[in-house]
Amino acid sequence: MSSSTLLDELIRALQVQPGVGPASASRIAYYLLDRKRKEGLGLAKALTDAMDKISYCPKCRNYTDNEGEECKLCSSAQRATQRTICVVEHPNDIEAIENSSSFKGSYFVLHGHISPLDGIGPEAIGLDLLKGRIEKEHIQEVILALGQTVEGDVTASYIAAMAKKMSVKVTRIATGVPLGGSLNTVDGNTLAMSFNYRHDV
Ligand SMILES: [Zn+2]
């Protein structure tokens, strides 16, 4: 316990971050108070704005600034002309792919994977929306950039079957993505290679 209730609350609140326990939280709180009050206020504003406003893009389910508005990537007319959708599990994966400059089409974010044991079915990861986009945008190829995990495999099989019924080519990136690993742990060059050597599903 510190000398201030507000400080105690700040230390407690800081522990919401992964890997930040009481000792780290206390160090951060004192550091902000002692030396970085202005930046601390900036951090508070950025947190409030992000938590209040960031929503899912109605087209790709990636994060976007305001509810109902398409994200920056979906607003690009050039990407839409590619007629290719890359399906990923998490918004983080898109950042990794964009940094590797290996893909110029549009994206779709599942925010997870199919997991019957946890009660997560196809609807929960937005596959109705994906199906609608494949039809409406006359998509020619669906690229599955999913982690090489059991759940990733189950999800890939389900999406592949759905797209094949619609006579759409389905490929999956493979080379260099480690078994059990996720995309954002792979370096840009390896990820670019994974796209170039994607295989039919
Ligand atoms: Zn979007």
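The structure this text deals with has already been given above.
If you're wondering where the values come from, they're calculated on a predicted model, not measured in any experiment. (Residues numbered from 1 in each chain as written. Predicted model: local features only at pLDDT ≥ 70, side-chain atom pairs only at ≥ 80, totals over all residues. Heavy atoms only, no water.)

S.K.: Just checking my understanding: could you explain the layout of surface pockets for this structure?
M.R.: Regions of empty space are outlined by a rolling probe, equal in size to a water molecule, passed over the atoms. As a volume, the largest pocket reaches approximately 490 Å³. In terms of lining residues, the largest pocket is bounded by 16 residues, among which Leu10, Leu32, Gly40, Leu43 and Ala44 are the most central. Among the elements of the structure, helix H1 (5-14), helix H2 (22-35) and helix H3 (37-53) are those that each provide at least two residues to the lining of the largest pocket. For the lining of the largest pocket, the leading source of residues is H3, giving six residues. Looking at side-chain class alone, the lining of the largest pocket contains 13 nonpolar, two polar and one charged residues. For the second largest pocket, the full set of lining residues is Asn62, Tyr63, Thr64, Asp65, Glu69, Glu70, Cys71, Lys72 and Leu73. Residues that form the lining of the second largest pocket fall into these classes: three nonpolar, two polar and four charged. (1 Å grid on protein atoms, 1.4 Å probe; cavity = no way out; pocket = protein on both sides within 12 Å on 5 of 7 lines; lining within 4 Å. Points joined across faces, edges and corners; volume = space filled by probe spheres on them. Helix = DSSP H or I, 4+ residues; strand = E, 2+ residues; numbered from the N terminus. Nonpolar A, V, L, I, M, F, W, Y, C, P; charged D, E, K, R; others polar.)

S.K.: I tried to follow unusual backbone geometry on my own but got confused; where do I start?
M.R.: Both trends apply: most residues other than glycine have a negative phi, and most peptide bonds are in trans. Of note in the backbone geometry, Ser101 takes a positive phi value of approximately 50° without being a glycine. Mapped onto the elements, Ser101 comes out in the loop between helix H5 (91-100) and strand E4 (106-109).

S.K.: I tried to follow the nonpolar core on my own but got confused; where do I start?
M.R.: Soluble globular proteins tend to pack their nonpolar side chains together in the buried interior. If you look at the biggest cluster of nonpolar residues, it comprises 20 residues, and the most contacted ones within it are Val87, Leu110, Leu127, Leu130, Val142, Leu144 and Ile159. Of all the secondary-structure elements, those providing two or more residues to this core are strand E3 (84-88), helix H6 (127-136), strand E5 (141-144) and helix H7 (150-165). It is H7 that contributes the most residues to this core, five residues altogether. In contact with Ile159, not counting residues within four places along its chain, are Val87, Leu110, Leu127, Leu130, Val142 and Leu144. Residues Ile97, Phe103, Tyr107 and Leu191 belong to the second largest nonpolar core, which totals 15 residues. (Core = buried A, V, L, I, M, F, W, Y, C linked by side-chain atoms within 4.5 Å. Buried < 20%, exposed > 50% of the residue type's maximum accessible area, 1.4 Å probe, protein only. Contact = heavy atoms within 4.5 Å.)

S.K.: Before we go on, may I ask you to explain the environment of Leu14 in this structure?
M.R.: Relative to the helices and strands, Leu14 is located in helix H1. In this structure Leu14 comes out as buried when scored by relative accessible area, which is 12%. Sequence spacing of Leu14 and Ser24 is ten residues, and the spatial spacing of their C-alpha atoms is 8.7 Å. Contacts of Leu14, omitting those with residues within four sequence positions, involve Val20, Ala25, Ile28 and Ala29.

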